[in-house]
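Okay, here's what each chain looks like letter by letter:
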Amino acid sequence: GLVTEQYPNDTLMPRIKSPTLIFHGQRDEMVPASHSEQLHRGLSSKSRLVSPPEANHHTNLLGEVSYLISPMKEFFGLPGNSSSAPDVPPWALQRRLCLTAAPPAF
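In this report, we go over the structure that sits alongside the text. The structure presented is a predicted model; accordingly, all values stated were derived computationally and were not measured.

1. Describing the overall build of the protein chain
Looking only at helices and strands, one finds four helices and two strands in the protein chain. From first element to last, N terminus to C terminus, the protein chain shows the α and β order α-β-α-β-α-α. Out of the 106 residues belonging to the protein chain, those deemed buried represent 21%. Contacts spanning at least 24 positions in sequence make up 61% of the contacts within the protein chain whose residues lie at least 6 apart. Accessible surface, the protein chain: about 7,700 Å² in total, of which carbon and sulfur atoms supply 56%.

Structure below.
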């Protein structure tokens, strides 16, 4: 079964209609990789599970292009051939701040 928590992911996953990209390291000792596999199987929309064998719960996904950048570009059909990580604002990497930060105005 899935980790017991306040979010009923197992019942909500089938309702997701948008393309969904899931990242979960095989060496995650906090949440078993089997949980993301189960959630992935529950999706009815276009989806992909990226589960690097050497990644753990705290692996920096921007530290290795094959973890996040390449799968994201392929899955969403993003243009460009740069192998460098995108410029991510510092607040986006701090959960406390990203929940309160307003997105930049365009």
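Back to the text.
2. Digging into the packing of aromatic side chains
When we look at a pair of aromatic rings, we describe it by the centre distance and by the angle of the planes. Applying the stated criterion across every chain yields a total of one aromatic pair. Sitting above the plane of the Phe-75 ring, Lys-46 keeps its charged end 4.5 Å from the centroid.

3. Quick word on the pattern of salt bridges
Summed over the entire model, instances satisfying the criterion amount to one salt bridge. For Arg-48, the salt bridge is made with Glu-74, and the minimal N-O distance between the two is 3.2 Å. With Arg-48 in strand 2 (residues 47-50) and Glu-74 in helix 3 (residues 69-76), this pair connects stretches of sequence that are 26 residues apart. Judged by its relative accessible area of 57%, Glu-74 is exposed.

4. Things to note about the environment of His-40
Tracing the sequence through the fold places His-40 in helix 2 (residues 33-41). Through-space distance from the C-alpha of His-40 to that of Pro-14 is 9.6 Å; in sequence the pair is 26 residues apart.

5. Topic: helix 3
Turning to helix 3, its buried residues are Ile-69, Pro-71, Lys-73 and Phe-75. The inward-facing, buried residues of helix 3 abut strand 1 (20-23) and strand 2. Phi for Gly-77, located one or two positions after helix 3, is positive at around 65 degrees.

6. Remarks on the pairing of strand 2
The pairing of strand 1 with strand 2 spans four bridges and is classified as parallel. Its bridge partner lying in strand 2, Thr-20 is registered against Ser-47. Handedness of the β-α-β unit built from strand 1, helix 2 and strand 2 comes out right-handed.

7. Here's the deal with helix 2
What helix 2 keeps buried is the set Ala-33, His-35, Ser-36 and Leu-39. Down the axis of helix 2, the buried side of the element spans an arc of 155 degrees, and every buried residue falls inside it. Here the buried face of helix 2 lies against helix 1 (9-12), strand 1 and strand 2.

8. Let's talk about the side chain of Thr-20
Secondary-structure assignment places Thr-20 in strand 1. Polar side-chain contacts of Thr-20 include one of 2.9 Å to the backbone oxygen of Ser-18. Beyond its immediate sequence surroundings of up to four residues, Thr-20 is in contact with Leu-43, Ser-45, Lys-46, Ser-47, Arg-48 and Phe-75.

About the criteria used
- Along every chain, residues carry numbers that run from 1 in the direction the sequence is written.
- Per-residue local features of the predicted model are confined to residues with pLDDT of at least 70, and side-chain atom pairs are confined, for both listing and counting, to 80 or more; whole-chain, interface and lining totals are unaffected and use all residues.
- Side-chain metrics rest on all non-hydrogen atoms present in the structure, leaving aside hydrogens and water.
- Strands are runs of DSSP state E lasting at least 2 residues, helices are runs of H or I lasting at least 4, and numbering of each runs from the N terminus.
- Exposure classes here rest on a 1.4 Å probe applied to the protein chains alone. A residue is buried below 20% of its type maximum, exposed above 50%, and partly exposed in between.
- Residues are treated as being in contact if the distance between any of their heavy atoms lies within 4.5 Å.
- What sets the accessible areas is the Shrake-Rupley method with a 1.4 Å probe; for residues, cover comes only from the shown protein chains.
- Side-chain rings of Phe, Tyr and Trp (the six-membered ring for Trp) are treated as a pair once their centres are within 6.5 Å; stacked means planes under 30 degrees apart, edge-to-face means over 60, and tilted covers the remaining angles.
- We count a charge as sitting over a ring when the NZ of a lysine or the CZ of an arginine lies within 6 Å of the ring centre and within 35 degrees of the ring normal.
- A carboxyl oxygen of Asp or Glu within 4 Å of a side-chain nitrogen of Lys or Arg is what we treat as a salt bridge.
- Should DSSP find at least two bridges between two strands, the strands are taken to pair.
- Here the term right-handed applies to a crossover when the path leading from its first strand over the helix to its second strand runs clockwise, the strands being oriented away from the viewer.
- The directions from the helix axis to the C-beta atoms form the arc being described.
- Pairs of N or O atoms are called polar contacts if they sit within 3.5 Å, as long as, within protein, a hydrogen donor faces a hydrogen acceptor (for residues adjacent in sequence, only side-chain-to-side-chain pairs).

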